[in-house]
Amino acid sequence: MSFENWAAFAAASTILLIIPGPTILLVVSYALGQGWRTALPMAVGVALGDFTAMTLSMLGIGALLAASAGVFTILKLIGAFYLVYLGVKLFRAGGALKAEPRTDAVSSAKMMAHAWLVTALNPKSITFFVAFLPQFLDRHADFWTQMLVFETTFLALAFANAFGYALIAARARNVVRNPKAIRVFNRTGGTLLVGAGIATVAMRSGN
């Protein structure tokens, strides 16, 4: 795996993680209602959830990669079109971030478990990883090494992102409720997703 490929994956992952989704809404809800103490357990729960979803996705992708180069190419094309679809949907999402403060008293362990469940058991998470990861995989390089590097990178970024959102929501609540800021996140992320999908299709067509 080249450094350029890893850097592209890390950059794309960072952008995608910043875009608010169901997991971030949960993190913000707890932080708005219970303050900064939610940051660590929620971030750990999110990272564990992403680990579960990403591992299942990578194992499935690995099986397809080993089975046939043609099947893997088809998967990349399907994933590219799915990224375009997600990008258009995200671009049109507007600037709403519907996160109501959760004031129910729960332990750190329960918060962590809640974050894990929402992240890991969301079918869209696995579908997204199946579409996203093949764009960066090199079928001629060692799969298990790539899996280790990509998962470690993504989980570190996911932890930092969730932790940061929780602290911002606890300390600067107006920021996470600013429609203009959320609209910028959504439109920027949507544009980048569409661009990634189109670029993949173009590369496939040129081969």
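I will try to describe carefully the structure that is included in this document.

Cut-offs and rules
Residues numbered from 1 in each chain as written. Predicted model: local features only at pLDDT ≥ 70, side-chain atom pairs only at ≥ 80, totals over all residues. Heavy atoms only, no water. Helix = DSSP H or I, 4+ residues; strand = E, 2+ residues; numbered from the N terminus. Buried < 20%, exposed > 50% of the residue type's maximum accessible area, 1.4 Å probe, protein only. Contact = heavy atoms within 4.5 Å. Areas by Shrake-Rupley, 256 points an atom, 1.4 Å probe, with all protein chains shown as cover. Axes fitted to C-alpha atoms, helices over the stretch in contact; angles between N-to-C directions. Left-handed = near helix turned anticlockwise from the far one by under 90°. Nonpolar A, V, L, I, M, F, W, Y, C, P; charged D, E, K, R; others polar. Parallel < 35°, antiparallel > 145°, perpendicular 65-115°, else oblique.

### Describing the overall build of the protein
Then, in step 1: Tallying secondary structure elements over the protein gives nine helices and zero strands in all.
Then, in step 2: Taken from N to C terminus, the helices and strands of the protein fall in the order α-α-α-α-α-α-α-α-α.
Then, in step 3: Counting only residues that meet the buried cut, the protein has 42% of its 207 residues in that class.
Then, in step 4: Taking contacts inside the protein between residues at least 6 apart in sequence as the whole, the part at least 24 apart equals 89%.
Then, in step 5: Total accessible area on the protein is roughly 10,400 Å²; 70% of this is exposed by carbon and sulfur atoms.

### Topic: the packing of helix H2 (residues 22–34) against helix H7 (residues 143–171)
Then, in step 1: Contact pair H2 / H7: the axes reach a minimum separation of 8 Å and the direction vectors enclose 35°. Considering how the two elements wind past one another, H2 and H7 form a crossing that is right-handed. The segment H2 lies against H7, with Ile24, Val27, Val28, Ala31 and Leu32 engaging Asn161, Ala162, Tyr165, Ala166, Ala169 and Ala170.
Then, in step 2: Per-class residue counts for the contact of H2 with H7 are ten nonpolar, one polar and no charged.

### Observations regarding the environment of Val84
Then, in step 1: When you line up the elements, Val84 lands in helix H4 (residues 69–91).
Then, in step 2: Here Val84 falls in the partly exposed class, since its relative accessible area comes to 22%.
Then, in step 3: When the C-alpha atoms of Val84 and Ile198 are compared, they prove to be 7.1 Å apart, with 114 residues separating the residues in sequence.

### Focus: the packing of H2 against helix H5 (residues 108–120)
Then, in step 1: Look at H2 against H5: their axes get within 9 Å of each other, and the N-to-C directions meet at 160°. By the criterion of interaxial angle, the relationship of H2 to H5 is roughly antiparallel. Helix-helix and strand crossings are classified by hand; for H2 and H5 the assignment is right-handed. Along the contact surface, H2 presents Pro22, Thr23, Leu26, Tyr30 and Gln34, while H5 presents Met111, His114, Ala115, Val118 and Thr119.
Then, in step 2: Of the residues assigned to the contact of H2 with H5, the class counts are six nonpolar, four polar and no charged.

### Thoughts on the side chain of Asn161
Then, in step 1: Structurally, Asn161 is set in helix H7.
Then, in step 2: Each residue touching Asn161, except ones within four places of it in the same chain, is listed here: Leu17, Ile18 and Ile24.

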